[in-house]
Amino acid sequence: ESDWVDLYLNGEYAGLYLLSERNEVHSQRVDIPEETGFLVSLEFPYRLVEQNYPFISTEKGLALRIHHFLGRQQELESLWQSAENAILAENGIDPVTGRHWEQLIDLDSWAHRYLQEELFANFDAGSISQYFYSDLSKPEAKIMAGPIWDFDNSMGRGGWVTSYPQSFLANRTH
């Protein structure tokens, strides 16, 4: 749940903010089974190390903070490595598991996420504060993109986006 808040500090208007509940595994938030589901977020590796958060990483350096997962960490690492391998493979198939990327990620949720990031020109797109979840109890389970989070550097905040009005932000190296 979220609500818009006009913030005043010491009697001075400080802006409009969106106050929201955090992303967590719960029947009214990220509704997945606690025993077999996972909730992770893409983050900068150095921050995860500095703050001593549990995380996994892939061979290409993708670092995912574990917000919720009761299973073996190796199982989560294998899933993400397989997805990375398949996405980067010329034929879309992970050479280790033989699974195609379409068997590993939910294309609709990932496409929606990409469009949301583009529409709002989110500077963090593709680098940090990106959440993913799934329920690993199902053999056909796929990695879902979402819920969206952290749009503090979006919609032209800081003026940088006005310099590149034609760019695809989620695909641009920052």
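Preceding this paragraph is the structure being described.
Residues numbered from 1 in each chain as written. Predicted model: local features only at pLDDT ≥ 70, side-chain atom pairs only at ≥ 80, totals over all residues. Heavy atoms only, no water.

Draft legend 1. Inspection of the sheet that holds strand β5 (residues 63–69) at higher detail. Spatially, β4-β5-β3-β6-β7 is the arrangement adopted by the 5 strands of the open sheet, whose pairing is antiparallel. Of all the strands in the sheet, the pair left with one neighbour each is β4 (55–57) and β7 (144–145). Strand direction decides the pairing type here: strand β3 (residues 37–42) and β5, joined by 5 bridges, are antiparallel. If you follow F38 over to β5, its bridge partner there is F69. With respect to the sheet, helix α2 (residues 73–88) is in contact with β3, β4, β5 and β6 (130–135), its orientation differing from that of β5 by roughly 135°. (Pairing = 2+ DSSP bridges. Helix = DSSP H or I, 4+ residues; strand = E, 2+ residues; numbered from the N terminus. Contact = heavy atoms within 4.5 Å. Axes fitted to C-alpha atoms, helices over the stretch in contact; angles between N-to-C directions.)

Draft legend 2. Quick peek at the pairing of strand β1 (residues 2–9). The element β1 is barely covered by neighbouring structure, given that only 0 of its 8 residues are classed as buried. As paired elements, β1 and strand β2 (residues 12–20) share 8 bridges and run antiparallel to each other. Within β2, the residue paired with V5 across the bridge is Y17. Hairpin connection between β1 and β2: a loop of 2 residues separates the two successive antiparallel strands, and N10 in this loop has a positive phi of roughly 55°. (Buried < 20%, exposed > 50% of the residue type's maximum accessible area, 1.4 Å probe, protein only.)

Draft legend 3. The arrangement of the environment of S82 in detail. Locating S82 in the fold gives a position in helix α2. As for S82 and L104, which are separated by 22 residues in sequence, their C-alpha atoms are 7.9 Å apart. Sequence-distant contacts of S82, that is, excluding residues within four places in its chain, are made with D94, T97 and L104.

Draft legend 4. Up close: the packing of aromatic side chains. Evaluation of the coordinates by the stated rule reveals 6 aromatic pairs. Each member of the aromatic cluster is reached from another via a ring pair, and the members are W80, W110 and F132. The positively charged end of R65 is found above the aromatic ring belonging to Y53, 3.5 Å away from the centroid. Just above the ring of F132 sits the side chain of R113; from NZ or CZ to the centre is 5.5 Å. (Phe/Tyr/Trp six-rings, centres within 6.5 Å; stacked < 30°, edge-to-face > 60°. Lys NZ or Arg CZ within 6 Å of the ring centre and 35° of its normal.)

Draft legend 5. View of the pattern of salt bridges. Going through the model one piece at a time under the given rule, you end up with 1 salt bridge. A salt bridge links R113 to E117; its shortest N-O distance comes to 3.6 Å. With R113 and E117 both in helix α4 (residues 107–119) and 4 residues apart, the pair spans about one turn of that helix. Judged by relative accessible area, which is 7%, R113 ranks as buried. By relative accessible area, E117 is classed as buried at 3%. (Salt bridge = Lys/Arg side-chain N within 4 Å of Asp/Glu carboxyl O.)

Draft legend 6. How the structure looks around the environment of V40. Position of V40 relative to the elements: it lies in strand β3. When the C-alpha positions of V40 and I56 are compared, they lie 9.3 Å apart, and in sequence the two are 16 residues distant. Once residues within four sequence positions are removed from consideration, V40 is found in contact with L64, R65, I66, H67, L76, W80, Q130, Y131 and F132.

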